[in-house]
Amino acid sequence: MSSLTTPSLSPAARLRGLKPDWLADPKVWRTEVLAGLVVALALIPEAISFSVIAGVDPALGLFASFTMAVTIAVVGGRRAMISAATGAVALVIAPLNREHGLGHLVAAVILAGLFQVVLGALGVAKLMRFIPRSVMVGFVNSLAVLIFMAQVPEMRDVPWAVYPLIAGGLALMVLFPRITTAVPAPLVSIVILTAITVGAAIAVPTVGDKGTLPSSLPAPGLPDVPFTLDTLTTIAPYAFAMALVGLMESLMTAKLVDDITDTPSNKTRESVGQGIANIVTGFFGGMGGCAMIGQTMINVKVSGARTRLSTFLAGAFLMVLCVVFGPIVSDIPMAALVAVMVMVSFATFDWHSVAPGTLRRMPAGEIAVMVITVVCVVATHNLAIGVVVGSVTAMVVFARRVARFADVTSVTGPDGATVVHRVTGELFFASSNDLVGRFDYANDPDHVVIDLSAAHIWDASSVAALDAIGAKYARRGKTVEITGLNDPSARLHGRLSGELAAELAAEH
């Protein structure tokens, strides 16, 4: 009698199985390294610009981008997503820096990180399930618009040579992938345009014009503030706002990357990871940050990165480029980076969502939600505000739509002594308030049956409405029998019936 045995793997084979993709496959490794380099180059002018918005030295934005990217690569829950200094965070903390100084800003970044860790542990990421697709589409389209709008100032009041450089950069990124995809087209575009401007001595705005690059690595330390209750009460509102904005933007970006890569992510780990990254950033004197949508799209959609290596190297290359190759990086024309970001904006926009055929088939309410989300984001330059307003609008649209499905049909018995009112649909605050007026209290016979076998009771408003209906019949000496309740509806009705009717009856 023979037995089947599974051959055991050798230690070397087991180690090979534990290798990450980028280490096991040289092609993946090359893609991740080059993607990290492209993202690092694109991060530099963005981080400097956000530093200006926050009112801090450009080095603090660059330090934040370095520490955020390197830390989130290890502790984050979404592979290949880029976290760095962002405009949304800069807008939140700018007033604190302006009114109380840099020490309070850094302390707020650390406290915001603590808030994010707590919120992440409490499961705030689960709220993502309540964001409808129309809001997500509006989020994607609005960020594409914002990315493009951010490039417009770089195309105003500039030497004429900037425009052909941008056009040439776009042409390279469109045509070069047809030749080979071994090297990311954005990197080729940046290198070629830099060589042209430096070699031909073309005077155009460069990265160096944005601000001075740091010449050394950041050093850890404590924020320069008094550790008192007064300091805590000063920074807490700003820290909490930063925590919420950062989490919302990061979770929305993670969901977008999930859809693009068709891979899942751990949103709870990402929430906690964002907090840890901000705590680390604060102790290194950075301005804080969150997921960076434009650079994430460069990394994932344009460059094809899929692992944590690209995120880690984006931060590492950023510091190497600033500290070691600062003079060379300073010569990169802004036109090259503008061309990359314009390409990213066009690649990010969901063109199918605005196609005439799609708009004809889509319900008007869904289109309205998408448009409202885009308008709010573009008007406020805050993705979080747009998502909140869009989600609330979607809930209102949904409630109105579902409320219309609640209906009452009436059948009087052969003897004329009983009437059966069959209620169909979902009973909640938006539909149950109209339910009270759907019955003929004066002319109905003495025995009234309300059949709820085709309905469901969702809230206290519905129970109160049913009690009010019963009270109206009772005042006329008629009896009401409620039948057909499913188990959840019966439990809710049994628990609340008789407690809420008086107030609603008085209103009617």
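Computed from a prediction, not measured in an experiment: that's the story for all the values here.

What counts, and where the lines are drawn
- Numbering of residues begins from 1 in every chain and follows the order in which that chain's sequence is written.
- Note on the predicted model: pLDDT of at least 70 is required for a residue's local features to be given, and 80 or more for side-chain atom pairs to be given and counted; whole-chain, interface and lining totals, by contrast, use all residues.
- Side-chain measures were taken over the full set of non-hydrogen atoms in the model, leaving aside hydrogen atoms and water.
- Only Phe, Tyr and Trp rings take part, Trp by its six-membered ring, and two of them pair if their centres are within 6.5 Å. Stacked means planes under 30 degrees apart, edge-to-face means over 60, and tilted covers everything else.
- Residue exposure (1.4 Å probe, protein chains only): buried if accessible area is under 20% of the type maximum, exposed if over 50%, otherwise partly exposed.
- Over a ring means this: the NZ of a Lys or the CZ of an Arg is within 6 Å of the ring centre and within 35 degrees of the ring normal.
- The pLDDT score gives, residue by residue, the confidence of the prediction method on a 0 to 100 scale.
- We call two residues contacting when some pair of their heavy atoms lies within 4.5 Å.
- Here, strands pair whenever DSSP counts at least two bridges between them.
- Secondary structure follows DSSP: runs of H or I at least 4 residues long count as helices, runs of E at least 2 residues long count as strands, and numbering of each begins at the N terminus.
- All axes are obtained by fitting lines to C-alpha atoms, using only the stretch in contact for helices, and the reported angles, taken between N-to-C directions, cover 0 to 180 degrees.
- As used here, the arc is the angular range of directions from the helix axis to the C-beta atoms.
- Note on angle classes: values under 35 degrees are labelled roughly parallel, values over 145 roughly antiparallel, values of 65 to 115 roughly perpendicular, and the remainder oblique.
- Each crossing gets its hand from how the near helix is turned against the far one by less than a right angle, where anticlockwise is left-handed and clockwise is right-handed.
- Take the residue count of a helix, subtract one, and multiply by 1.5 Å to get its expected span.
- The rule for a salt bridge is simple: a side-chain nitrogen of Lys or Arg has to be within 4 Å of a carboxyl oxygen of Asp or Glu.

Next up on the list: the packing of aromatic side chains. A full pass over the atoms with the stated rule returns eight aromatic pairs. Ring centres 6.3 Å apart and planes at 45° place the aromatic pair F439 and Y441 in the tilted group. Neither F439 nor Y441 differs from the other in exposure class; each is buried. Clustering of aromatic rings is evident, with ring pairs tying together F148, F346, F349 and W351. The residue whose ring lies beneath K472 is Y441, and the NZ or CZ to ring-centre distance is 5.6 Å.

When pLDDT is averaged along the chain, the result is 87; 93% of the residues meet or exceed 70. Contacts of residues 1-7 to residues separated by more than four positions or lying in other chains number zero contacts, the stretch itself having pLDDT below 50.

To continue, consider the sheet that holds strand β5 (residues 447-457). One open sheet accounts for four strands, arranged β3-β4-β5-β6; its pairing is mixed. At either end of the open sheet lies a strand with only one pairing partner, and these are β3 (407-412) and β6 (479-483). Between one strand axis and the next, the sheet turns by 20° as a mean value, whatever way the strands run. Examined bridge by bridge, β5 and β6 share five bridges and lie parallel to one another. Counterpart to V449 in the pairing with β6 is E481. The strands that helix α20 (residues 460-474) touches are β4 (418-427), β5 and β6; relative to β5, the one it contacts most, it runs at about 175°.

Because each turn of an α-helix spans 3.6 residues, side chains separated by three or four positions in sequence point in the same direction. All buried positions along helix α21 (residues 487-496) are accounted for by S489, L492, H493 and L496. What you see down the axis of α21 is that its buried residues fit within an arc of 95°, all on one side. Of the exposed residues in α21, the ones pointing more than 90 degrees away from its buried face are D487, R491, G494 and R495. Next to the buried residues of α21 lie β5, α20 and β6. Of the residues one or two after α21, G498 is the one with positive phi, at around 90°.

Before going further, it helps to examine the packing of helix α7 (residues 133-151) against helix α15 (residues 334-348). Helix packing geometry: the angle between the two helix axes and the distance between the axes. Between α7 and α15, the shortest axis-to-axis distance is 8 Å and the interhelical angle comes to 160°. Compared by their axis directions, α7 and α15 come out roughly antiparallel. Taken as a pair, α7 and α15 cross one another with a handedness that is left-handed. Every residue of α15 that contacts α7 at V140, L143, A144, I147, F148 and Q151 is listed here: V338, M341, V342, V344, S345, F346 and T348.

Turning our eyes to something else, we now look at α7. Across its 19 residues, α7 extends 28 Å between first and last C-alpha, which sits within 8% of the 27 Å expected from 1.5 Å per residue. Of all the 19 residues making up α7, 14 are buried; the element is thus mostly covered by neighbouring parts of the structure.

All chains considered together, the criterion is met by five salt bridges. For the salt bridge of K210 with E154, the shortest nitrogen-to-oxygen distance reads 2.4 Å. With K210 in the loop between α9 (185-199) and α10 (229-261) and E154 in the loop between α7 and α8 (162-179), this pair connects stretches of sequence that are 56 residues apart. Relative accessible area serves as the criterion here: at 26%, K210 is assigned to the partly exposed category. The partner of R438 in a salt bridge is D407, with the nearest N and O atoms 2.7 Å apart. Note that R438 is positioned in the loop between α19 (429-435) and β5 and D407 in strand β3, a separation of 31 residues in sequence. The class of R438 is partly exposed, set by a relative accessible area of 39%. The exposure class assigned to D407 is partly exposed, which follows from its relative accessible area of 33%. Salt bridges sharing common partners tie together R78, D258 and K267.

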